[in-house]
Amino acid sequence: MLRRKTLLSKYAELAVKIGANVQKGQPLMISANIETKDFIRILVEEGYKAGASYVFVRYNDEIVNHHNFTYCDLDVLGTVPNYIVEQFNYFIEKGYALISVHAETPGLMADIDPIKIQTAAIAQNKALKSWREHTMGNRTQWCVISVPTAGWAKKVFPDITEEMAVDALWEAIFNAVRVREDNDPVAEWEKHNDTLHKHNKALNDYNFKSLHFKNALGTDLTIELIPNHVWAGGNEKSTKGVVFNPNMPTEESFTMPYKYGVNGKVVATKPLNYNGNLIKDFWLEFKDGKVVNYDAKEAKDSLKSLVEFDEGSSYLGEVALISHDSPISNSNILFLNTLFDENASCHLALGRAYPMNVKGGNDMTQEELDKLGSNNSMEHEDFMFGSADMSIIGLTQDNQEVIVFKDGNFAF
Ligand code: ZN
Ligand code: ZN
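Being a predicted model, the structure only gives us computed values, none of them experimental.

About the thresholds
Per-chain numbering applies: the sequence of each chain, read as written, is numbered from 1 onward. For this description, chains carry letters from A and ligands carry numbers from 1, given in the order in which they are written. Whole-chain, interface and lining totals are the exception, using all residues; otherwise, since this is a predicted model, local features are given only for residues with pLDDT of at least 70 and side-chain atom pairs are given and counted only at 80 or more. To obtain the side-chain values, all non-hydrogen atoms of the structure were included, while hydrogens and water were left out. Metal-coordinating donors are taken as N, O and S atoms lying within 2.8 Å of the metal, or within 3.2 Å when the metal is Na, K or Ca; because water is left out, some sites can appear incomplete. Buried, partly exposed and exposed residues are distinguished by accessible area as a fraction of the type maximum, computed with a 1.4 Å probe on protein chains only: under 20%, between the cut-offs, and over 50%, respectively. In these notes, a set of buried Ala, Val, Leu, Ile, Met, Phe, Trp, Tyr and Cys residues joined through side-chain atoms within 4.5 Å is what counts as a nonpolar core. Should any heavy atoms of two residues lie within 4.5 Å, those residues are counted as being in contact. One bridge is not enough; two strands pair if DSSP finds at least two bridges between them. Secondary structure counts use DSSP, requiring at least four H or I residues in a row for a helix and at least two E residues in a row for a strand, with both numbered from the N terminus. To get an axis, a line is fitted to the C-alpha atoms, and for a helix only the part in contact is used. The angle between two axes follows their N-to-C directions and goes from 0 to 180 degrees. Aromatic contacts are taken between Phe, Tyr and Trp rings whose centres are within 6.5 Å, Trp giving its six-membered ring; a plane angle under 30 degrees counts as stacked, one over 60 as edge-to-face, and the others as tilted. Should a side-chain nitrogen of Lys or Arg be within 4 Å of a carboxyl oxygen of Asp or Glu, the pair is scored as a salt bridge.

1. A look at the coordination of the zinc ion (ligand 1)
The protein atoms that coordinate the zinc ion (ligand 1) are Glu252 (OE), Glu318 (OE) and His347 (NE2), at distances of 1.9 to 2.2 Å. For glutamate 252, a relative accessible area of 5% corresponds to the buried category. Glutamate 318 gets classed as buried once you look at its relative accessible area, which sits at 2%.

2. Digging into the nonpolar core
Counting residues in hydrophobic clusters, the biggest one holds 66 residues, and the most contacted among them are Tyr11, Ile30, Phe39, Leu43 and Ile99. Each residue touching leucine 43, except ones within four places of it in the same chain, is listed here: Ala12, Ala15, Val16, Ile30, Ile99 and Val101.

3. A look at the sheet that holds strand β4 (residues 142-146)
Either a parallel or an antiparallel arrangement is found when strands of a sheet pair, and the pairing is made through backbone hydrogen bonds. Strand order in the open sheet formed by 4 strands is β2-β1-β3-β4, with parallel pairing between adjacent strands. With one partner strand each, in any of the chains shown, β2 (55-60) and β4 form the two edges of the open sheet. Ignoring strand direction, the axes of neighbouring strands in this sheet form an average angle of 15°. In terms of strand pairing, strand β3 (residues 97-102) meets β4 through 5 bridges, oriented parallel. Residue valine 101 lies in a different strand from β4, and its bridge partner there is isoleucine 145.

4. Some details on the packing of aromatic side chains
Here the structure, examined in full by the defined rule, presents 23 aromatic pairs. Ring centres of tyrosine 258 and tyrosine 260 lie 5.9 Å apart, and the angle between their planes is 75°; this geometry places the pair in the edge-to-face category. What makes tyrosine 258 partly exposed here is its relative accessible area of 25%. Classification of tyrosine 260 as partly exposed rests on a relative accessible area of 38%.

5. Observations concerning the pattern of salt bridges
Tallying each qualifying case throughout the model produces 15 salt bridges. Notably, a salt bridge pairs glutamate 251 with arginine 178, separated by 2.9 Å at the nearest N-O pair. Here glutamate 251 is found in the loop between β8 (243-244) and β9 (253-255), whereas its partner arginine 178 is found in the loop between α9 (162-176) and α10 (185-206), with 73 residues between them in sequence. An identical accessibility class is assigned to glutamate 251 and arginine 178; each is buried. The salt bridge partner of aspartate 205 is lysine 201, with a shortest N-O separation of 2.8 Å. Remark: lysine 201 and aspartate 205 occur in helix α10; sequence separation between them is 4 residues, near one turn of the helix. Of the two residues examined, aspartate 205 and lysine 201, each falls in the exposed class. If you follow the salt bridges from partner to partner, you end up with Arg180, Asp182 and Glu188 in one network.

Nothing here speaks to function; it is all geometry.
Right, here's the structure in full:
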């Protein structure tokens, strides 16, 4: 028990200092599933210890959400009251940093009509547009971490008791975020960030025109990269100059595809948990950037609602490279949580691109970004397609072929 307590404090301190990097006198907003409250109380205290002026916790309850979806009419689900919008405008105005504690039970919403979920998601995305642009544009520090819940743990480890499953999931998370009894995770993350930055630099120096992905499963996809793209990964800088880690864990180097330059087929290698539904064994076919055909063995309806969510959700907004031989991949655990699973495998995202993945992007208006071919959407949904036999060939601006990935791993 004492051991667990030490690790929890270390993890909370890591999220506050290296994740959101809360500044002295800065307010902090924590958004979390109510079931993670024991950890949140530790996190709040670490926030204050790091110098936060005020820590506000915004709890949600997925069982209550499920009741709402079951009993509420569509027009109720499709309405976001003004006081919620005002609350987020207040967070923007006061310069809040954000820690989002993601802990969802995969498949919880399987019995809910997808139209209801989509209606609520569209309403929320529209109402909180300014907040999304604020965080995705790195105008403040934000960080996503995860904490086990009983429901989630049992889905990952169905064959053991709930208590054992929660313990096993904690172990897996501590391992993924480099928190151990005998280490200083803050120092370890500084080292890890340096390694990721070295990878980004090599890819930025090549300045590839396009990447060609191929494996035995049927992926045969060419992705043109946006001119003046920037490979990023590891810590980032907010527009106010504060360094922070948006995702913990993170193993990826990622950049922006040219919206209209994606052609071929991609076969997913892990299921995708989308709005509480698990989409399994799926593939997508692209022509000039747009998804023109797709199928899934399970939850095809959910895949359809993702692809058809809005205009931009049928185009790509991110391409990310991760060696198959990486800590999360080697753990061989399917977390059923994108934050972890995306860091085990090369992935793509349908939907909005990160402005910082093009030079000067964070200072551009949406119109300027659109003109360059940066995808815009209310969605940003990652899905995994890396495999042990993935090959990636990069094409340089003067049409030289460079091996980027061989047998699933970085070749340089
Ligand atoms: Zn990514
Ligand atoms: Zn992503």
